[in-house]
Amino acid sequence: MGLDQYLFAEEPPDQEDTELYYFRKHANLEGFMAALFYARGNTAEFNCERLYLSEDDINTLETAVKLEGLPETTGFFFGHTTEQQMVDTWDFIHVARKALDSNKKIYYTSWW
């Protein structure tokens, strides 16, 4: 068991959504996404929920990464964010932007 995190592009109802990115136990990214989820007024437990992301959300993530501002996050199954995961977050941002530029509807989801 552990924290599995995904970025998906939503596809038409008769097709499977396209996986764009995957992380395993990037706890601080989970904390960032959970904060965004709750800031939108959601009250459900942030586990297996779809969090749709806009260009503004990706810009906010980029700023947080630049400022080393992803929230320190812990959880029983979350593990700890590594330096390599922080480097890989730039790729995540790039992939998300590319999908948004192609008019894809994207979402983040995680399972722990």
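One can find the structure itself at the top, above this paragraph.
Summary of the structure given here. (Residues numbered from 1 in each chain as written. Predicted model: local features only at pLDDT ≥ 70, side-chain atom pairs only at ≥ 80, totals over all residues. Heavy atoms only, no water.)

Points about the pattern of salt bridges
Pairs can form between side chains of opposite charge whenever their charged atoms are close. Keep this limit in mind: The rule for a salt bridge is simple: a side-chain nitrogen of Lys or Arg has to be within 4 Å of a carboxyl oxygen of Asp or Glu. Only DSSP runs of H or I with at least four residues qualify as helices, and only runs of E with at least two residues qualify as strands; both kinds are numbered from the N terminus onward. Relative accessibility under 20% of the residue-type maximum defines a buried residue, over 50% an exposed one, and the middle range a partly exposed one, all with a 1.4 Å probe and only protein chains included.
Tallied over the entire structure, the rule returns eight salt bridges. A salt bridge links R24 to D4; its shortest N-O distance comes to 3.0 Å. With R24 in strand β2 (residues 18–24) and D4 in strand β1 (residues 4–9), the pair connects residues that are 20 residues apart, well separated along the chain. For R50, the salt bridge is made with D17, and the minimal N-O distance between the two is 3.2 Å. With R50 in the loop between α1 (27–39) and β3 (51–53) and D17 in the loop between β1 and β2, the pair connects residues that are 33 residues apart, well separated along the chain. On the accessibility criterion, R50 (43% relative accessible area) is partly exposed.

Re helix α3 (residues 83–101)
Let me state the cut-off plainly: Here, expected helix span is obtained from the residue count minus one, scaled by 1.5 Å. Contacts were defined at the residue level, with two residues in contact if any of their heavy atoms lie within 4.5 Å.
Helix length check: α3 (19 residues) gives 28 Å between terminal C-alpha atoms against 27 Å at 1.5 Å per residue, within 8%. Within the span of α3, buried status applies to Q85, T89, F92, I93, V95, A96 and A99. Summarising the contacts, the buried residues of α3 are in contact with β1, β2, α1, α2 (55–66) and β4 (106–111). The first or second residue beyond α3 is N103, which carries a positive phi of 65 degrees.

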